[in-house]
Each structure stands twice: as structure tokens, then as C-alpha cells.
Amino acid sequence: MSATVSFPVPSPHGPRTVTVSYARVGRGEPLLLLHGIGHHRQAWDPVVDVLATERDVIAVDLPGFGASPALPEGLAYDLSTTAAVFRAFCEALGLDRPHVAGNSLGGLMALELGREKIVRSVTALSPAGFWSQAERRYAFGVLLTMRRIARSMPLPMVERLARTTVGRTALTSTIYARPGRRSPEAVVAETLALVNATGFDDTLRAGTTVRFTDDIPGVPVTVAWGTQDRLLLRRQGVRAKQMIPRSRLVRLPGCGHCPMNDDPALVARVILDGSR
């Protein structure tokens, strides 16, 4: 069931009201799900039902993505603002240190929430922030190309491509190792999410100097990486393990950058194990 919530977030010029769209289902300890840049909360649909059998799952559209409006003027798309937004979001929903799982940008945000002790455990799937400069430039170039292509295609063309396995592969093989498994409706919806993401450019600009360089003591951390990740190469997972030595590093065989759709059962198990 989808809903929205609005709450004040501090800024250098006084509080600003942020509105976030989310879907909530299940029972158990609370678990936040954070998607990647240009995506939306429906990226988690393949694993939500399994997670909801053991967790109170809150899948969020990040500000400026999916159904969540852009951040108001005075708030930047950086990690410190992310921490402030989700601290306030948790307070607004009455969540006391939920677990969090994130993918890509959402994985980086999840690690930041762990560093700030806003959450009780972190599961990061191919998180951003462990790249070299060359790897970051490559990833950003791919993302910009994906968005440019998506914005150049009329909707009827996207819908036509999404009806075939070959077409879904053309649209989504950068992020999925098994794009044929994604439904036509989901591919159309996430292509439109990429086209309409108001926070995309500001988020990418804010990410040009981002490196995650801190340990996260006192919070259980799982880092998982798809062996077929073509956007953030899996050697970045080794760097994450070196930076967060007590973390659990998990290999996701045959999975791409967004592994939730490539192997839902494995990803759900990794998240549940990491959030105990």
C-alpha cells in the first residue's frame, strides 16, 4: 500500500519540508529499502513479498525519484542531507532504528545511515562510493548515456521494445544480468522513472567527489556484489571489505548491478540474514 509523508528537515536557511512516497507491507522488525539513481521503489518488487513474511518492509522512493518530489531549495543531494532526511523520515513514521538495505546509490545511502547510527543493520547491494576515479567516470558515463537514450525514445517505442526479450535486453542489460526475467510493464515503468527523475542531475553532480572511507563500528554490515555487475565492477566489493573489515562480503553468482530481479530468492535471503 503506497502512501506519502511530509516532514521538516533542517537546512542552513531554516527547516524545509520534504515529502517522500513509500510503500509499506509485512510484519516484524522494520526494514527500509533504498533504490539506486534513476530507479524507483518498484525495483524491490521481486523480493518484497518474501521479505514481508519476516519484516515490516518500507520501500522508499528517494527524493527526486519515482513518486517522491524533488528536494526543496536549500537542501543538497549529498550524503549529509540524506542522513538528515531519513532521520526525519524514521521519526515521522515512528521507526526506531530500522534495518536498511540499499542498492547502488541506495547502498551508499544505507552505509551512511549506518555510519550515523540511524539504523541497526545495513545490507548494501553493489553500493556506490568504493570506486576509483576512472571507475566512477565510467559508471557516470554509462548512466548519462542510459538516461539520454531513454529520453530520446517515444513511449510507444519503449512499450514495443519491452514486449520482447531482445527489447528488454536492449533497455536494461546494463543493470540486469537476466533482463528477460523483468516483466514488460516493469521495464516500461522503470524507463519512465529514469526519464522523469528530477533529482538525477543534482545527485550525479553531488557524487563526483564521493568516496566512502569510514568504518562502521557497532552496526552489522553486509556488502553483496553480483558477479555480472557491469556498472560497478565487483572488485569494488573487496575495497568495501577492506574499508569495513567486520562486514560480511557476499558473492551473488550470475547477478548484475540490480540483483533483486536476477535472483530474488538469494537476495531476499542475504537481506534477511543481514538484518537479524
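Anyway, here's the lowdown on the structure attached to this text. What you see is a predicted model; the values in this text were computed from it and never measured.

The next point concerns the pairing of strand E1 (residues 2–9). In terms of strand pairing, E1 meets strand E2 (residues 16–26) through eight bridges, oriented antiparallel. Considered in E2, the bridge of proline 8 is made with threonine 17. Adjacent in sequence and paired antiparallel, E1 and E2 are bridged by six residues, among which glycine 14 carries a positive phi angle near 100°.

Here the distance between the centres and the angle between the planes together describe a pair of aromatic rings. Enumeration according to the criterion identifies five aromatic pairs in this entry. Their ring planes at 55° and their centres at 5.8 Å tell us that phenylalanine 130 and phenylalanine 212 sit as a pair that is tilted. With phenylalanine 130 in the loop between strand E6 (121–125) and helix H4 (133–152) and phenylalanine 212 in the loop between helix H8 (200–206) and strand E7 (221–226), the pair connects residues that are 82 residues apart, well separated along the chain. Per residue, the accessibility class of phenylalanine 130 equals that of phenylalanine 212, and both read buried.

In this section: the pattern of salt bridges. Using the criterion set out here, one finds 16 salt bridges in the structure. The salt bridge partner of arginine 115 is glutamate 112, with a shortest N-O separation of 2.9 Å. Here the residue arginine 115 and the residue glutamate 112 both occupy positions in helix H3 (residues 105–115), the gap between them amounting to three residues, near one helical turn. By sharing partners, the salt bridges in this structure join Arg87, Glu112, Arg115, Glu116 and Asp214 into a single network.

We now examine the environment of glutamate 54. For glutamate 54, the position within the fold is in the loop between helix H1 (45–52) and strand E4 (55–60). As for glutamate 54 and alanine 92, which are separated by 38 residues in sequence, their C-alpha atoms are 23 Å apart. Sequence-distant contacts of glutamate 54, defined by excluding residues within four places in its chain, comprise Arg27, Gly28, Glu29, Arg269, Leu272 and Arg276. There is a polar contact of 3.4 Å between the side chain of glutamate 54 and the side chain of arginine 276.

Once that is clear, we can look at H3. In an α-helix, one turn spans 3.6 residues; hence positions three or four apart end up facing the same way. Most of H3 sits out of view: 10 of its 11 residues are buried. Listed as buried for H3 are Leu105, Gly106, Gly107, Leu108, Met109, Ala110, Leu111, Glu112, Leu113 and Gly114. Immediately downstream of H3, the backbone of lysine 117 shows phi near 60°, a positive value.

Here arginine 41 is to be found in the loop between strand E3 (29–34) and H1. For arginine 41, a relative accessible area of 10% puts it in the buried group. If near-sequence neighbours (up to four positions away) are discounted, arginine 41 is found in contact with Ser2, Ser21, Tyr22, Ala23, His35, Ala59, Val60, Asp61 and Ala67.

Remark: helix H5 (residues 155–162) packs on helix H6 (residues 165–172), axes separated minimally by 6 Å, with the N-to-C direction vectors making an angle of 120°. When the interaxial angle is binned, H5 and H6 end up oblique. Residues Val158, Leu161 and Ala162 of H5 form the contact with H6, whose participating residues are Gly167, Arg168 and Leu171. A per-class count over the contact of H5 with H6 returns four nonpolar, one polar and one charged.

Spatial ordering of the open sheet is given by E1-E2-E4-E3-E5-E6-E7-E8, a layout of eight strands whose pairing is mixed. Here the strands that pair on one side only, and so sit at the sheet edges, are E1 and strand E8 (248–252). If you compare each strand with its neighbour and ignore which way they point, the axes differ by 25° on average. In the sheet, E3 pairs with E4 via six bridges, with the strands oriented parallel. Paired with leucine 31 across the two strands is valine 57, which belongs to E4. Packed on one face of the sheet, H1 meets E2, E3 and E4 and runs near 155° to E4.

Each value, and the rule that gives it
Residues take numbers from 1 onward in each chain, read along the sequence in its written order. Totals for whole chains, interfaces and linings use all residues, but because this is a predicted model, local features are given only for residues with pLDDT of at least 70 and pairs of side-chain atoms are given and counted only at 80 or more. Computation of side-chain values covers all heavy atoms of the structure but excludes hydrogens and water. Pairing between two strands is assigned when DSSP locates at least 2 bridges connecting them. We count a stretch as a helix when DSSP gives it H or I for four or more residues in a row; a strand needs E for two or more, and each element gets its number in order from the N terminus. Only Phe, Tyr and Trp rings take part, Trp by its six-membered ring, and two of them pair if their centres are within 6.5 Å. Stacked means planes under 30 degrees apart, edge-to-face means over 60, and tilted covers everything else. Only protein chains enter the calculation, and the probe is 1.4 Å; a residue is then buried if its accessible area is under 20% of its type maximum, exposed if over 50%, and partly exposed in between. Between Lys or Arg on one side and Asp or Glu on the other, a salt bridge is scored when a side-chain nitrogen of the former is within 4 Å of a carboxyl oxygen of the latter. Here, residues are in contact when the closest pair of their heavy atoms is within 4.5 Å. Pairs of N or O atoms are called polar contacts if they sit within 3.5 Å, as long as, within protein, a hydrogen donor faces a hydrogen acceptor (for residues adjacent in sequence, only side-chain-to-side-chain pairs). Fitted lines through C-alpha atoms give the axes, limited to the stretch in contact for helices. The angle between two N-to-C directions lies from 0 to 180 degrees. Note on terminology: angles under 35 degrees are roughly parallel, angles over 145 are roughly antiparallel, angles of 65 to 115 are roughly perpendicular, and the others are oblique. Under the convention adopted here, Pro, Cys and the residues Ala, Val, Leu, Ile, Met, Phe, Trp and Tyr are nonpolar, Asp, Glu, Lys and Arg are charged, and Gly plus all remaining residues are polar.

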